[in-house]
There are 2 protein chains.
Amino acid sequence: MSLTEIARFISQHDCFLVTSHARPDGDALGSELGLALGLHSAGKKVDVVNHDPHPSTYSELPGIERILISDRVPHLEYDAAFVLECGDMGRPELRGLEKLRVINIDHHITNQNFGEFNWNDTSAAAAGEMIYRLLRQAGIPVDARIATNLYVALFTDTGSFQYRGTTAQTLETAADLVRAGADPSFAARIIYNSNPYEKIRLLGMVLTTLRRDPSGRIAWIRLTQEMLRESGANKADTEGLVNYPLSIQEVQVVAFIREGGEGSFRVSLRSKGDVDVAAVAHRFGGGGHVNASGFELNGLYDEVLETVLQQLRPLVI
Amino acid sequence: MSLTEIARFISQHDCFLVTSHARPDGDALGSELGLALGLHSAGKKVDVVNHDPHPSTYSELPGIERILISDRVPHLEYDAAFVLECGDMGRPELRGLEKLRVINIDHHITNQNFGEFNWNDTSAAAAGEMIYRLLRQAGIPVDARIATNLYVALFTDTGSFQYRGTTAQTLETAADLVRAGADPSFAARIIYNSNPYEKIRLLGMVLTTLRRDPSGRIAWIRLTQEMLRESGANKADTEGLVNYPLSIQEVQVVAFIREGGEGSFRVSLRSKGDVDVAAVAHRFGGGGHVNASGFELNGLYDEVLETVLQQLRPLVI
């Protein structure tokens, strides 16, 4: 059982590296910091190293100032490197990592068991849930700073306890973390009150293009280069816009048509339930999943829209 | 201790009315149905009576078809009426209610102890949390249909576990309910995928009016009568629009200026943390709380805006 083995390894060693994937998200950062603060409080030496800086959303996470940004491991004297939330050795984008003993902790089914120790629990909703169990197993007390980080990890990776992966155990871990000092409203505030002004401006512009077909089941929105210029928003700010039309009760499928340059368009499709948009994307050389896919098309906007609608209409009959 | 008294009363009686406040929300409906389904499964006769129909959001709640809509109690033969989530006897807007023995269950500090039994637990995040404890105390098993209703009650009254009132006990109750068969993604789907098309259109129009002051801490949006006409949205669809500017990281206070008719404007203020907008509203004859207030102003739009900004600037220095 890897959990007990890893806990024993911790008790018998002193110097650790902690890392996660490049372009870290809330689960990566919260898990890393929760583990690192725990190891530190147990008297271990710990370096947290990431390839990329954290999004400003996470600036208030306790201990965030500990994270070093680098494209290589600082040295090779670590007893082991904890690699969290990564499917393979390449995800952290840290040179020299392969020369260390690796403890691989992940909850994704695609994990490639690349470590010397591999603990992969696909029933966990977030790596943060696993780190909580590991600290308990290792006898390391979970204080308010650790609990706050692990709560943010759970909160972000479950979409505030709304995604399908959310289990009774997830909520129980969340309850334990609140008891240990995590504040649920802190997580909500840093995640949901961190929008840039430009993003909300862009949201308004894009939503004024919202239209639907006569059935009310297909909706679409459009993004032009001019909207990006006028709002001052960047490409990252376009993430999530497609969810607004999808929140309309009758809508089953949404097309988000983004103008590139010179007559090229990026089409993102989102759907609910069994409506399969992956097949549509494949037809145009794109890819994705049942409920989320994307592809490129060239032409005039009206032609592109009509081509897309022709493909979507049969899906919602 | 009222909880045990109420549980004993249930075991000794057979016929109950269950109600909640007029214009019921998720906590009212989920609590009512959770309790009613529990009483029914324990072999009791139960009527659920509300003054108003439920919002379409809640159409999929198990047992929702049981609810009778009326402005009076159906008869006076009930052993008792459960009144949930109500500060006083007037909130359900049911004539004849005062002639029944009343069991008052609420979690608001303003409750006026109007019942024969009064169980008011201000530490509960939702009435649904209290109903769960009551069913357990009464020895009534919580099945998947009951659990689903109580989960929706908790989920809606805590803003999906994000408001300040969310405690370890709230999350533990949520975990118990998931174990009993509630599906976290069901609650998320019915609550967040129930927007009318017209509301999302209106959101776009209103957000294109978003502006901010040079400090970036004050933002404002505007609603005109023409936007309502053009989008087809109604007054209820304007609820929550003010939260979008408030989600901007630097913004500390938001003014939402709604055009009435003939030069009248309704001004809603929202703020973060210690920024007190109640005092501003009081100055103009309005009311509210520290972080949410409102008042009326007459004049031209530009004058009204400037008057409001003059009041807000000192708050964010």
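Nothing here was measured: the structure is a model prediction, and the numbers come from that model.

Q: Let's hear about the packing of helix 3 (residues 127–137) of chain A against helix 5 (residues 168–179) of chain A: which residues, and what values?
A: When two helices pack together, you describe them by how their axes are tilted relative to each other and by the distance separating the axes. Residue and element names in this part refer to chain A. Viewed as axis vectors pointing N to C, helix 3 and helix 5 meet at an angle of 60°, and their least axial separation amounts to 10 Å. Relative to helix 5, helix 3 is oriented oblique. Read as a crossing pair, helix 3 and helix 5 show a hand that is left-handed. Residues E129, Y132, R133 and R136 of helix 3 touch helix 5, and the partners they reach there are Q169, T170, T173, D176 and L177. Looking at the contact of helix 3 with helix 5, its residues break down into two nonpolar, three polar and four charged.

Q: Give me the lowdown on the layout of surface pockets, citing residues and values where you can.
A: All names here are of chain A. In this structure, the second largest pocket occupies an estimated 290 Å³ of space. Around the second largest pocket, the lining is made up of 19 residues, and of these K235, T238, R258, R266 and S268 lie nearest the centre. Counting residues per element, the ones that place at least two in the lining of the second largest pocket are helix 8 (225–231), strand 9 (253–259), strand 10 (264–271) and strand 12 (292–298). Class assignment of the residues belonging to the lining of the second largest pocket gives a composition of six nonpolar, seven polar and six charged.

Q: Could you give an account of the relation of the copies chain A and chain B, naming the residues involved and the relevant values?
A: What relates the two chain copies is a rotation about an axis together with a slide along it. Overlaying chain A on chain B yields an RMSD of 0.2 Å, the required transformation being a rotation through 180° with an accompanying axial translation of 0.0 Å. This pairing of chains is accounted for by a two-fold axis. In terms of proximity to the rotation axis, the leading residue of chain A is A:G204, whose C-alpha is 2.0 Å off the axis. A share of 98% of interface residues in chain A that are also interface residues in chain B marks the association as one of identical surfaces.

Q: Which residues make up the interface of chain A and chain B, and what are the values?
A: Frequently, the measure chosen for interface size is the accessible area that the parts lose on association. Contacts between the two partners involve 44 residues from chain A and, on the opposite side, 43 residues from chain B. Carbon and sulfur atoms supply 58% of the area that chain A and chain B bury against each other, a total of about 3800 Å² over both sides. Here A:R212 ties to B:E198 by a salt bridge, and the two come within 3.8 Å at their closest N and O atoms. Here chain A and chain B share 14 residue pairs in polar contact (both at pLDDT 80 or more) between them. When residues of the side of chain A that touches chain B are traced back to their parent elements, those giving at least two are helix 4 (144–157), helix 5, helix 6 (184–192), helix 7 (197–207), strand 7 (211–212) and helix 9 (243–246) of chain A. Looking at the side of chain A that touches chain B, its residues break down into 22 nonpolar, 14 polar and eight charged.

Q: Mind laying out the sheet that holds strand 12 (residues 292–298) of chain B, listing which residues take part and the relevant values?
A: Residue and element names in this part refer to chain B. Here six strands make up an open sheet; going across it, the order is 7-8-9-10-12-11 and the pairing mixed. What marks the edges here is a single partner per strand, and that holds for strand 7 (211–212) and strand 11 (287–289). Across two bridges, the pairing between strand 7 and strand 8 (residues 218–223) is antiparallel. Across the sheet, R212 pairs through a bridge with A219, a residue of strand 8. Running over the sheet, helix 7 (residues 197–207) touches strand 8 and strand 9 (253–259) and is turned about 125° from strand 8.

Q: Which residues make up the pairing of strand 12 of chain B, and what are the values?
A: Residue and element names in this part refer to chain B. Here strand 10 (residues 264–271) runs beside strand 12; their pairing, made up of seven bridges, is antiparallel. Across the sheet, residue R266 finds its bridge partner in strand 12, namely E296. Looking at chain direction, strand 11 and strand 12 are connected through three bridges and run antiparallel. Within strand 12, the residue paired with G288 across the bridge is S293. Between strand 11 and the antiparallel strand that follows it, strand 12, lie two residues.

Q: Go over the nonpolar core with me, naming the residues and quoting the values.
A: The biggest cluster of nonpolar side chains holds 110 residues, and the ones touching the most others in it are A:F82 and B:F82. Every residue in contact with A:F82, bar those within four places of it in the chain, is listed here: A:I6, A:I10, A:F16, A:L17, A:V18, A:T19, A:L35, A:L39, A:I103, A:I105 and A:L134. Counting residues in hydrophobic clusters, the runner-up holds 42 residues, among them A:L223, A:V242, A:I248 and B:Y197.

About the cut-offs
Residues numbered from 1 in each chain as written. Chains lettered and ligands numbered in written order. Predicted model: local features only at pLDDT ≥ 70, side-chain atom pairs only at ≥ 80, totals over all residues. Heavy atoms only, no water. Axes fitted to C-alpha atoms, helices over the stretch in contact; angles between N-to-C directions. Helix = DSSP H or I, 4+ residues; strand = E, 2+ residues; numbered from the N terminus. Parallel < 35°, antiparallel > 145°, perpendicular 65-115°, else oblique. Left-handed = near helix turned anticlockwise from the far one by under 90°. Contact = heavy atoms within 4.5 Å. Nonpolar A, V, L, I, M, F, W, Y, C, P; charged D, E, K, R; others polar. 1 Å grid on protein atoms, 1.4 Å probe; cavity = no way out; pocket = protein on both sides within 12 Å on 5 of 7 lines; lining within 4 Å. Points joined across faces, edges and corners; volume = space filled by probe spheres on them. Least-squares fit on C-alpha atoms with pLDDT ≥ 70 in both. Buried area = accessible area lost by both parts, 1.4 Å probe. Salt bridge = Lys/Arg side-chain N within 4 Å of Asp/Glu carboxyl O. Polar contact = N/O pair within 3.5 Å; in protein donor to acceptor, adjacent residues only side chain to side chain. Pairing = 2+ DSSP bridges. Core = buried A, V, L, I, M, F, W, Y, C linked by side-chain atoms within 4.5 Å. Buried < 20%, exposed > 50% of the residue type's maximum accessible area, 1.4 Å probe, protein only.

Remember that the coordinates give geometry; whether it matters functionally is a separate question.
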